[in-house]
Every structure is written in C-alpha cells, then in structure tokens.
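Residue-level structural notes
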Amino acid sequence: MSIALAGSSTSNSTRHEPLRVMVVDDSAVIRGLISRWIEAEPDMVVAASLRTGLDAVNRIERVDPDVAVLDIEMPELDGISALPLLLAKKRNLIIIMVSTLTRRNAEISFKALSLGAADYIPKPESTREPAAAETFRHDLIQKIRDLGAKVRRAVPVSSSPPLAPVLDRPRQPSVRPALAPVAHPQLLRRAFGTQPPRALLIGSSTGGPQALMALVAEIGAVIDRFPVLITQHMPPTFTTILAEHLARSSQRPVHEAVDGEPVKAGQVYLAPGGRHMRVVRHGTEAAIALDDGPPVNFCRPAVDPLFASAIEVWQGGILAVLLTGMGSDGMRGGKEIVAAGGSVIAQDEASSVVWGMPGAAANAGICAAVLPLNQIAPKLVRLFSGDRA
C-alpha cells in the first residue's frame, strides 16, 4: 500500500482556513490512523475519507480538498492511475506518494513524481511500532502543512504553467504553479571563498529528486574533474532508484556510497537511505564513512554531518549547494563550511517546492548566492573553472 498526498489552492482560500485533506486508502485502519492525526492538528481537517481511487476521482470536485492522501494499491482504480485523473480535474494539486519500502513501490513513486506528484513518504512496515509510527506521523503532517502552505500562495489555475517533465528528461527544472510575490528582507550575501573549490557537496529534501535530476544533467564538466557528494533525505531502496536515475540523467557514474571507499573525481556519491554519509581522511586521500547514528534534524541521512565532516578533508575548498527541502538541515553545516573559507549556494524560493533548507541558509546570511534552479548549474561550472565572482 502507498499513499499520495495532494494540495491545491482556490481563489477564496486564506491562510486562516484549515487545510482540507482527503484521505484515500483501501485500508480502514490506515484511513482511520491518518484521519485521527489530521484532526488532531489545529490547522487541518479531514474533508473526506475514501476507499478507492475511483471514489476520489468522482468526488474531488464536490469535496474540493487542499490535500489528498492517496494510496497506490487499491481496488477499482489504483493511485498511479488516479493521479493524472485527479490532476486533470484540479490542476494545482500537489501530490506526495507514500509507499512501503519495496523496489516496485519506489519505482512507482518516482513515476508519480514524473506525472506531477510533488513528493512521497515511506509507509512503515508496521504502525504498531511506536517509533516508526511517530516518524511516519511527523513526516506526513509536516509535508501536508508545508506543501499546503505554499500552494495557497499559488496564482489561479488559468495562469499555471505545465506540470513537471518526466524524470529521465529533466532538462528544465520541475515547475509548480507560479507564486504570488513574497516580501523578504534584504538577504545578506557573502563573497565567494578565495580558495578554488575542490569538491561539490549537495543537500536536498522535498522536491529534491526532480531538482537533482535537472542539476546533474548540466554539470558534467564539474563531475569529470571533481568529486560530487549528495545527501537527499530518502529511505533505503529509494536511494538505489535515485542513483540509477541520476546516472542516466548525468551520463556519469552515480552510486550509493560504500563505507570506506575512496572519494575520487569523476564520481557522484549518494548517501544511502537510512545511513549518514561523512567524509574522512585516510592518509592523503579522502574516503567515505557511513554510520547508523541517530537521526539529525529528524533525518538519516542528514546533510549537516556531510557538510561538517568535509571540512577536515578539503578545508576552505568546499562549494556546498542547498536545494529545495523542508526544515533547516544543512544550515549549521553550511555555517561551518563558510567559517572554514568555503562557500554556499542556495536555491531560491520561487523555484523550490519548499523553501525550508535553502531558506534557512539564506536567512542565516551564509550564502554567496541564492539562485533559481536553472541558474545553479551554469554558476557551478563557472566557479569550478576558476571564476570567483
């Protein structure tokens, strides 16, 4: 069973109205569990609780949800089949796939992202385990809240651009509905570090797979000459699939990192799901170190451990990028990188699915640049070619 989640905006929505959530799952137990979690939150309500994708398609216009939680495996009409039908009826839906940790469901979740889903979340094998159930609840509620908050700033449906392209052809960044302008105080910018970069580190979360696909497709010149290390908030099996997609998109070697392996130019190392990835020095070389330590910023793998550990190896020769994602993971590690003489680039709000991680870094004043997704790759190529501006 998998669950997808979608949000939409209507012209009469305000920030003070609770998010309307439609729960669609053939399991009465799961429907009841998710519904209780939602009703316990002050800023969201259950608009409908339905058993099949067909019910969701038939009732979406009447229910008019901001968010829909959609299981994959259901009778009559499964989630992946219902997804495009729901988007056709309500184009601004933000859909998050939720599935058990199998390769098949991971593949389906990635397909859902290419069809317009905004995110996914893994369903625990058993909700009877308190720790697993609490992690699932925390992540699901957070995604509903953060994605729902953003979609309510979207412009009317008539002016929305097309949905995101297929993952294996992400030459353009994933496009969500255009947002109304958001006022921000002037963000402090730092000059780029004076040392030439020797490694590229990337952190991402919600919306990250689409953003990473677009980015790695355009930085082949960097990958060929420098090591690239990526931490994406993602569970096991999902990172295996992501590495395969990134390899196809970049046409470069991309793999889940292996504990103890040397870090070399020409390779992209992806933190495996469920394990923190760090960099350590072995003699004169850098090497991967994986561990099963407690979650950092509610995540494992987390970005902060990677960023902070890399300083021992490359000191000020680090260029770090924070892409779309919830929370603030990467901000503390980014501060340490900047203090050591390195540089940080953040994705801007307009092109981010959720401006949590990059926004935290930007608002902390540690970024040398805050750029739209489609401008980050050209900037990286220039910086790694010696341009320090």
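Our structure's up above, just so we're on the same page.
This one's a predicted model, so the numbers in the text were calculated from it and none came from an experiment.

A word on the sheet that holds strand β14 (residues 343-347)
Strands sit in the order β9-β10-β8-β7-β13-β14-β15 across an open sheet of seven strands; the sheet is parallel. Of all the strands in the sheet, the pair left with one neighbour each is β9 (254-256) and β15 (369-371). Neighbour-to-neighbour, the strand axes of this sheet turn through a mean angle of 20°, independent of strand direction. In this sheet, strand β10 (residues 268-270) lies alongside β9 in parallel orientation, the contact comprising three bridges. Bridge pairing in β10 places H255 opposite Y269. Across the face of the sheet, helix α8 (residues 238-250) comes into contact with β8 (228-232), β9 and β10 while running at roughly 170° to β9. Here helix α9 (residues 303-314) sits on the sheet and contacts β7 (199-204), β8 and β13 (318-322); the angle it forms with β7, its principal contact strand, is near 170°.

Quick look at the packing of aromatic side chains
Using the criterion set out here, one finds three aromatic pairs in the structure. The interplanar angle of 70° and the centroid separation of 5.5 Å between the aromatic rings of W37 and F136 together place this pair among those described as edge-to-face. Here F136 lies in helix α5 (residues 130-151) and W37 lies in helix α1 (residues 28-39), a separation of 99 residues in the sequence. With centroids separated by 5.2 Å and ring planes inclined at 20°, the aromatic side chains of Y120 and F238 adopt a geometry described as stacked. Pair noted here: Y120 is in strand β6 (residues 117-122) and F238 is in helix α8, with a separation of 118 residues, a long-range link.

Some points on the pairing of strand β5 (residues 95-99)
Among the five residues in β5, five count as buried, and that is most of the element. The alternating pattern of β5 places I95, M97 and S99 on one face and I96 and V98 on the opposite face, and all of these are buried. For β5 and β6, the ladder comprises five bridges, and the chain directions are parallel. For V98, the partnering residue across the bridge sits in β6 and is I121. Where the polypeptide runs from β5 across helix α4 (residues 103-114) and back to β6, its parallel neighbour, the crossover connection is right-handed.

Section: the side chain of S109
Structurally, S109 is set in helix α4. Residue class for S109 comes out buried when judged on its relative accessible area of 1%. The residues contacting S109, other than those within four sequence positions of it, are M97, S99, Y120 and F238.

A word on the pattern of salt bridges
With the rule as written, the count across this model stands at 16 salt bridges. The residue E244 makes a salt bridge to R103 at a minimum N-O spacing of 2.8 Å. Of this pair, E244 sits in helix α8 while R103 is found in helix α4, placing the two residues 141 residues apart along the sequence. Here R103 falls in the partly exposed class, since its relative accessible area comes to 40%. Among the charged side chains, a salt-bridge network with shared partners connects E41, D43, E134, R137 and R145.

Brief notes about the environment of I311
Structurally, the position occupied by I311 is in helix α9. A relative accessible area of 18% places I311 in the buried class. Considered as a pair, I311 and V280 are 31 residues apart in the sequence and their alpha carbons are 9.3 Å apart. Once you skip the residues sitting within four places of it in the chain, I311 turns out to touch I318, E336, I337 and A340.

Rules and cut-offs
Residues numbered from 1 in each chain as written. Predicted model: local features only at pLDDT ≥ 70, side-chain atom pairs only at ≥ 80, totals over all residues. Heavy atoms only, no water. Pairing = 2+ DSSP bridges. Helix = DSSP H or I, 4+ residues; strand = E, 2+ residues; numbered from the N terminus. Axes fitted to C-alpha atoms, helices over the stretch in contact; angles between N-to-C directions. Contact = heavy atoms within 4.5 Å. Phe/Tyr/Trp six-rings, centres within 6.5 Å; stacked < 30°, edge-to-face > 60°. Buried < 20%, exposed > 50% of the residue type's maximum accessible area, 1.4 Å probe, protein only. Right-handed = clockwise from strand over helix to strand, strands pointing away. Salt bridge = Lys/Arg side-chain N within 4 Å of Asp/Glu carboxyl O.

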